[in-house]
Amino acid sequence: YRNKKFPYAPYEEEDNPLVIFAEENGALRALYRNIRIDNSGNDEVSLSLLKEETRRLLGLSLHYQKKEEVLFPYLRKIDFPGLDERKKEDDALLKAIHEIHDYLLKENKIPHERISALYDKLEKIILDENRVLLPALEDHLKDSDLNAIKEKMDSYGYFLIRYPD
């Protein structure tokens, strides 16, 4: 996602909730890149790292809760298509993350193929958010809408990033 007001410096508007949402996506991608690297191993260190990283990834439910409860109402106002399908994709992704994390803990083995498949789903959803949902919102929202979104996001908290008060 690149803020159109600052196309070459997308993080100039620190208080823009759409930029903050995109920052969460960036942090999520960084975490998942680590998971992909650790997924290539087959030893106790890789297993231990994957258990911790997938535990952190479980917090993604907060990101999707904000997306659905804070952003979706504004998307519905502009008749944005496909929101129900996006919610189903989000739910399927969260379910897969839980299943992989549970498998790592119970079986004490790395499900390499499942982790690789998860990456493809996650990447698709992140690209959709950054390239489609956030720009659509930016095109239609007023400053008062952005302020209301920011306040609601603050009440939920942030996924993988720290945001100053």
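Keep in mind it's a predicted model, so treat the numbers as computed, not measured.

(A) Structural context of the packing of helix 3 (residues 60-77) against helix 6 (residues 143-156). Running from N to C, helix 3 and helix 6 point in directions that differ by 155°, and their axes come no closer than 10 Å. With respect to their mutual orientation, helix 3 and helix 6 come out roughly antiparallel. Judged by the twist between their axes, the crossing of helix 3 over helix 6 is right-handed. Of the residues in helix 6, those touching helix 3 at L62, Q65, K66, E69, V70, L71 and Y74 are D145, A148, I149, K152, M153 and Y156. Looking at the contact of helix 3 with helix 6 residue by residue, the class counts come to 8 nonpolar, 1 polar and 4 charged.

(B) Summary view of the pattern of salt bridges. Applying the stated criterion across every chain yields a total of 11 salt bridges. Of the charged contacts in the structure, one is a salt bridge between D91 and K87, with a shortest N-O distance of 3.0 Å. Of this pair, D91 and K87 both sit in helix 4 (residues 83-107), 4 residues apart, which is roughly one turn of the helix. Classification of K87 by relative accessible area gives partly exposed; the value is 35%. The shortest N-O distance in the salt bridge between K95 and E99 comes to 3.8 Å. Within this pair, K95 and its partner E99 are both found in helix 4, separated by 4 residues, close to a single helical turn. A residue is classified by how much of its surface remains accessible, and K95, at 53% relative accessible area, is exposed. E99 gets classed as partly exposed once you look at its relative accessible area, which sits at 35%.

(C) The environment of P17, seen in detail. Here P17 shows up in helix 1 (residues 17-39). Given a relative accessible area of 1%, P17 falls into the buried group. With 133 residues separating them along the chain, P17 and K150 place their C-alpha atoms 5.1 Å apart. Excluding residues within four positions of it along the chain, P17 makes contact with L146, I149, K150 and M153.

(D) Expanded view of helix 2 (residues 44-57). Helix length check: helix 2 (14 residues) gives 20 Å between terminal C-alpha atoms against 20 Å at 1.5 Å per residue, within 8%. Turning to helix 2, its buried residues are S46, L47, L50, E53, T54 and L57. The buried residues of helix 2 occupy an angular sector of 135° when the element is viewed end-on, so they sit on one face. Facing away from the buried side of helix 2, by more than 90 degrees, are the exposed residues E44 and V45. Taken together, the buried residues of helix 2 touch helix 1, helix 3, helix 4 and helix 5 (112-140).

Criteria and cut-off values
Residues numbered from 1 in each chain as written. Predicted model: local features only at pLDDT ≥ 70, side-chain atom pairs only at ≥ 80, totals over all residues. Heavy atoms only, no water. Axes fitted to C-alpha atoms, helices over the stretch in contact; angles between N-to-C directions. Helix = DSSP H or I, 4+ residues; strand = E, 2+ residues; numbered from the N terminus. Parallel < 35°, antiparallel > 145°, perpendicular 65-115°, else oblique. Left-handed = near helix turned anticlockwise from the far one by under 90°. Contact = heavy atoms within 4.5 Å. Nonpolar A, V, L, I, M, F, W, Y, C, P; charged D, E, K, R; others polar. Salt bridge = Lys/Arg side-chain N within 4 Å of Asp/Glu carboxyl O. Buried < 20%, exposed > 50% of the residue type's maximum accessible area, 1.4 Å probe, protein only. Expected span 1.5 Å × (residues − 1). Arc of directions from axis to C-beta.

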